[in-house]
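Fold and geometry: a report
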Amino acid sequence: MKNLLALFLLLGTLALSNAKAQPTTAEKLTNSFNKYLERNFNEKIYIHTDKDNYLAGEIIWFNIYNTEAYTNRPVNLSKVAYMEVLDAQNKAALQVKVNLKDGQGNGALYLPINLPSGSYVLRCYTSWMKNFGAEYYFHKNLNIYNTLKEERLEQEVKPKAYAIQFFPEGGNLVAGIKCKVAFKVADENGENFPFKAVVFNKENDSIASFSSTKTGIGSFYLSPQNKQSYRAVIKPLNASAFTVLLPHVFEIGAAIALKTEASANISVAIKSNLQQQGLLTLFVHSGKKVVAVKKIDAGKPESNLSIPLDSLGNGIAHFTLFDPNGKALCERLFFKKPTNLLNISVRTDKENYTLREQVRLQVNQENGFGLPASSKFSVSVSKADTAFSYDDIVASLWLTSELKGRIKNANWYLNEASAEDLDNLMLTHGWRRFKWEDVIQEKEQQFKYLPEVEGHIISGKITSALSNAPIANTKVFLSVPGRNYQLYTSSSNSKGEINFYTKNFYGGNEIITQTDLRTDSLSHIEINTPYSDLFADGIKETFNRNPNRDDLLPRSVAMQVNNAYFSNYLLKKTLRPADTSFFYGSPDKVYRLDDYVRFTTMEEVLREYVPEVMVLHRKKNYQLTVFDPKVNGFNSTAPFFLLDGVPVFDDGNTVINTDPRKLQRMEIIDETYLYGRNSFAGILSLHSYKGDMAGYQLPRQALVTDYEGLQDSREFYSPMYSGDNNNSHLPDYRTTLFWSPSQQAAQDGNSQLSFYTSDQEGLYQINIQAMSNNGELGSATAFLKVFKKQ
């Protein structure tokens, strides 16, 4: 009896232990969600430009804000951003790599004078962002006009076409469950259109009706029945009616309905006819924050829950319902307007200014608690007809970057839209940054693209020239030749992939990639483009073929005058200290050849006054070796030879055949030198006067590629007219009066800026975008007028 009792106690203990060891669906969801966030860091980008539409021949001045996707805090992970201007066919008209530091980077893009008029997209991303899809990139639509080419800009005539999409609340229409159905309409140009609509069942009974809204997005309610189908008849104004089927009605399923209560709570109605035993789980998260995990009896057909609005984070929250097996049944989005915004005020010392008069600007920043805020901000002052802002940093990072497709007039949703309008937007543009299947299965994603945490990574592949098969474990050398050359090495992986981790790699360069021909002469090297070949859908706007020509003409004249008189100033590079150090640091010995007798052959130079190098001549070949003081003797193998940073793979013939009269100096590393996976028996580095490899002919196996490094910093041209000015007689037709991408507010939140007006009369818009280290965002707009003196 005692043994039997002990057995029961043991089994009970084991059962209790197993129950504790097996996490519930709710616990597993929370653990898996947190683990997924830990493994999958996401970035997000916003770009502030000086204008929103441009002429060919003008300059786009820009500032990049790089943030952590869920908190909007600036991040210092990626050090390079890739910016492109894409045409209507997604072909890149311009591409540039921008250095990022502390989450920001800035630069300028000159729009070529022959760029065709059209609708373009400015997009930007980091290498790390390429792992998550093009939908995550920053996109901004630009209308660009070429006023110097004969182009027909009459409005393109397209056949009339209308479309409507339906989005049931929670994802599906379920029989017997009353559902809110959102709709979104678009004509042939992707624009809203006026209409009236009626919903019919298959017996042609009228079930519901709805009509057009200001945004083209709206909703109506429907109580779908089992084995029933529904169609909507839409009658556009002054056009024929058309019919669209509503989504299929599922016999069984579940739905989520949300409603904001007067008590500042969110009412969550869970409706289900699943006829399933166990517990459903409602999982609510806002960004990285798990807001609530509620268990619901699956046997009850309906359940009402209340979630305090204050418990949600700012921005978009996701309400997801899971079945007892952890499968996502339906999902609903809710938007809470951000409250932790920067309050930015802008004041000018006057309202009206004359031509070439100084403008004094004061900017004050406060956080959401009314305390002084010290954030980084960018400022543009441009002609008001060119500077209309479609959205700002707040709307972009809190709203449009978290929704799918193009959101027209996003600022309106944040500042003027009703709760119903915002809710309909969530229903029609719902999106999330991950798949729940990946989260629940705790799937570890294989990342193809590396984060560029130190600088630009040049990637490529090495294959066999005979079989095209990848070659593994092969050392590859990449040189940026010149007087201040750079050298990088890589070793191919099992797929033949190579990565060169560059540092301070700026400007347009010719890069040379090669392997050691003494051990590998049949390889083929390819260098990859770092720009993405993936493109997001639903981003582009229709090109405005009927612009205000009264605005274009003076802008065109201004652009031409500026380019004629100030071309040397408009894209002036900011000087940066030249990096004169090489990968091997300080050499052990330097020979400046002008300090010695100028011999006509390198053999004479080396034998006469370079005792660290021994010259051996065997048959028709030379072998050079370097004296290693650590072993008190010459090495048995040749050193690593460099000509202006380009490796030379022989034992000495190339060095001997080099004309010493073209060389400025010779540098020697006399000990064994380790670099990456390479071990060199010393280094002999030759530097020519011109940085042109002293006439050395590269082997045919070497790959020579024109390659753009990071863009050099550009300095915005802003003349000063105080006192005597030598340029005062020159015309000043600037339409962007002031651009500063990297201002920092003082601790008291105040900043003072000044600039001068130009010779262009009119209304100017001051636009400020700001971000604090805590992810607080803010923007401000003000205006000033410029007149001629009476």
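Some points on the overall build of the protein
Helix and strand counts for the protein come out as 10 helices and 51 strands. Summarising its shape, the C-alpha atoms of the protein cover approximately 110 × 105 × 55 Å along the three principal directions. The buried share of the protein, reckoned over its 790 residues, is 51%. Within the protein, contacts between residues separated by at least 24 positions form 70% of all contacts whose residues are at least 6 apart in sequence. The centroid of the 85 positive side-chain charges in the protein is displaced by 4 Å from the centroid of its 83 negative side-chain charges.

Regarding helix H9 (residues 602-609)
Three or more residues of H9 are buried, namely Met602, Val605, Leu606 and Tyr609. End-on view of H9: buried residues confined to an arc of 110 degrees, all on one side of the axis. Elements that come into contact with the buried residues of H9 comprise strand S36 (589-592), strand S37 (613-618), strand S38 (621-628), helix H10 (653-656), strand S42 (663-669) and strand S45 (683-688).

Some words on the environment of Tyr110
Checked against the element boundaries, Tyr110 lands in strand S6 (residues 104-110). With near-sequence residues (within four places) excluded, Tyr110 lies in contact with Gly57, Glu58, Ile59, Leu94, Asn563 and Leu571.

Some details on the packing of aromatic side chains
For the structure on display, the rule yields 45 aromatic pairs. For the pair Phe193 and Phe195, a centre-to-centre distance of 5.6 Å together with 50 degrees between the ring planes defines the contact as tilted. On the basis of relative accessible area, Phe195 is assigned to the buried category, the value being 5%. Relative to Tyr584, the ring of Phe583 has its centre 5.1 Å away and its plane inclined at 75 degrees; by these criteria the two rings are edge-to-face. Across this residue pair, the class does not change: Phe583 and Tyr584 are buried. Three or more aromatic residues joined by ring pairs form one cluster here, namely Tyr162, Phe166, Phe183, Phe193, Phe195, Phe210, Phe220 and Phe242. Its end group placed over the ring of Tyr591, Lys589 keeps NZ or CZ at 5.3 Å from the ring centre.

Notes on unusual backbone geometry
Here the phi dihedral of Asp102 falls at roughly 55 degrees; this positive angle occurs in a residue that is not glycine. With respect to the helices, strands and loops of the structure, Asp102 is situated in the loop between strand S5 (92-99) and S6. Since its relative accessible area comes to 39%, Asp102 is described here as partly exposed. With phi around 55 degrees, Lys227 is a residue other than glycine that occupies positive phi space. Tracing the sequence through the fold places Lys227 in the loop between strand S14 (217-222) and strand S15 (230-236).

A closer look at the side chain of Glu612
Among the structural elements, Glu612 can be located in the loop between H9 and S37. Within the buried core, Glu612 has no salt-bridge partner, and the shortest N-O distance to an opposite charge, that of Lys589, equals 4.7 Å. Looking at Glu612, its side chain comes within polar contact range of the side chain of Tyr591, at 2.6 Å. Setting aside residues no more than four positions away along its own chain, Glu612 makes contact with Lys589, Tyr591, Thr625, Val626, Phe627, Phe634 and Ile668.

As for the nonpolar core
Counting 59 residues, the largest nonpolar core has Ile47, Ile64, Met83, Leu109 and Tyr413 as its most contacted members. When sequence neighbours within four positions are dropped, the list of residues in contact with Tyr413 reads Thr215, Ile217, Lys337, Leu399, Ile407, Lys408, Asp421, Leu422 and Leu425. Counting 30 residues, the second largest nonpolar core, distinct from the first, contains Met602, Val615, Phe641 and Leu663.

Description of the environment of Asp644
With respect to the helices and strands, the residue Asp644 is situated in the loop between strand S40 (640-643) and strand S41 (646-648). Sequence spacing of Asp644 and Val561 is 83 residues, and the spatial spacing of their C-alpha atoms is 42 Å. In this structure the side chain of Asp644 is engaged in a polar contact, spanning 3.2 Å, whose partner is the backbone nitrogen of Asp692.

A closer look at the environment of Asn34
Note that Asn34 resides in helix H2 (residues 25-39). Judged by its relative accessible area of 31%, Asn34 falls in the partly exposed class. It is 7.9 Å that separates the C-alpha atoms of Asn34 and Lys288, two residues lying 254 residues apart in sequence.

Focus: the side chain of His456
By the element assignment, His456 lies in the loop between helix H6 (436-440) and strand S29 (457-464). One polar contact links His456 to Tyr82, side chain to side chain, over a distance of 2.8 Å. At 3.2 Å, the side chain of His456 and the side chain of Glu452 are in polar contact. Aside from chain neighbours lying at most four places away, what touches His456 is Val80, Tyr82, Lys97, Phe500, Tyr501, Thr502, Phe505, Pro530, Tyr707 and Leu710.

Quick notes on the sheet that holds strand S12 (residues 195-201)
With antiparallel pairing, the four strands of this open sheet are ordered in space as S13-S12-S15-S16. Taken across any chain shown, the strands that pair with only one partner, and hence form the sheet edges, are strand S13 (206-211) and strand S16 (242-245). For this sheet the average axis-to-axis angle between neighbouring strands, irrespective of direction, equals 25 degrees. Bridge count between S12 and S13: five bridges; the pairing is antiparallel. For Val199, the partnering residue across the bridge sits in S13 and is Ala208.

Focus on the sheet that holds strand S34 (residues 523-527)
Spatially, the three strands line up as an open sheet ordered S32-S29-S34, and their pairing is antiparallel. Taken across any chain shown, the strands that pair with only one partner, and hence form the sheet edges, are strand S32 (497-501) and S34. Strand-to-strand, the axes of this sheet are offset by a mean angle of 30 degrees, without reference to chain direction. Pairing of S29 with S32 involves five bridges; the strand directions are antiparallel. Within S32, the residue paired with Lys461 across the bridge is Glu497.

A word on helix H7 (residues 549-565)
Because each turn of an α-helix spans 3.6 residues, side chains separated by three or four positions end up pointing in the same direction. In a regular helix each residue adds 1.5 Å, so 17 residues correspond to 24 Å; H7 covers 24 Å between its end C-alpha atoms and thus fits that length. Of the positions making up H7, those classed as buried are Leu552, Arg555, Ser556, Ala558, Met559, Val561 and Asn562. Looking at the buried side of H7, the elements it contacts are strand S2 (53-55), strand S8 (138-145) and helix H8 (567-570).

Remarks on the pairing of strand S21 (residues 289-297)
Pairing geometry for strand S20 (residues 279-286) and S21, over eight bridges, is antiparallel. Looking at the pairing, Val284 lines up with Ala292 of S21.

Notes on the pattern of salt bridges
Tallied over the entire structure, the rule returns 27 salt bridges. Between Asp651 and Arg518 there is a salt bridge, with its nearest N and O atoms 3.2 Å apart. Of this pair, Asp651 sits in the loop between S41 and H10 while Arg518 sits in the loop between strand S33 (508-515) and S34, placing them 133 residues apart in sequence. Taking relative accessible area as the criterion, Arg518 reaches 46% and is therefore assigned partly exposed.

A short note on the pairing of strand S31 (residues 486-491)
Within S31, five of the six residues are buried, which leaves it mostly tucked inside the rest of the structure. Of the strand pairs in this sheet, strand S30 (residues 475-480) and S31 are connected by six bridges, and their pairing is antiparallel. Paired with Val480 across the bridge in S31 is Gln486. The hairpin turn running from S30 into S31, its antiparallel successor, is five residues long, and Gly482 in that turn takes a positive phi close to 145 degrees.

Focus: the confidence of the model for the protein
For the protein, per-residue confidence averages 90 on the pLDDT scale, and residues scoring 70 or more make up 94% of the total. Note on residues 1-22: pLDDT under 50 across the span, and zero contacts to partners over four residues away in sequence or across chains.

Definitions and limits used
- Residues numbered from 1 in each chain as written.
- Predicted model: local features only at pLDDT ≥ 70, side-chain atom pairs only at ≥ 80, totals over all residues.
- Heavy atoms only, no water.
- Helix = DSSP H or I, 4+ residues; strand = E, 2+ residues; numbered from the N terminus.
- Buried < 20%, exposed > 50% of the residue type's maximum accessible area, 1.4 Å probe, protein only.
- Contact = heavy atoms within 4.5 Å.
- Lys, Arg positive; Asp, Glu negative; His and termini not counted.
- Charge placed at Lys NZ, Arg CZ, Asp CG, Glu CD.
- Arc of directions from axis to C-beta.
- Phe/Tyr/Trp six-rings, centres within 6.5 Å; stacked < 30°, edge-to-face > 60°.
- Lys NZ or Arg CZ within 6 Å of the ring centre and 35° of its normal.
- Salt bridge = Lys/Arg side-chain N within 4 Å of Asp/Glu carboxyl O.
- Polar contact = N/O pair within 3.5 Å; in protein donor to acceptor, adjacent residues only side chain to side chain.
- Core = buried A, V, L, I, M, F, W, Y, C linked by side-chain atoms within 4.5 Å.
- Pairing = 2+ DSSP bridges.
- Axes fitted to C-alpha atoms, helices over the stretch in contact; angles between N-to-C directions.
- Expected span 1.5 Å × (residues − 1).
- pLDDT = per-residue confidence, 0-100.

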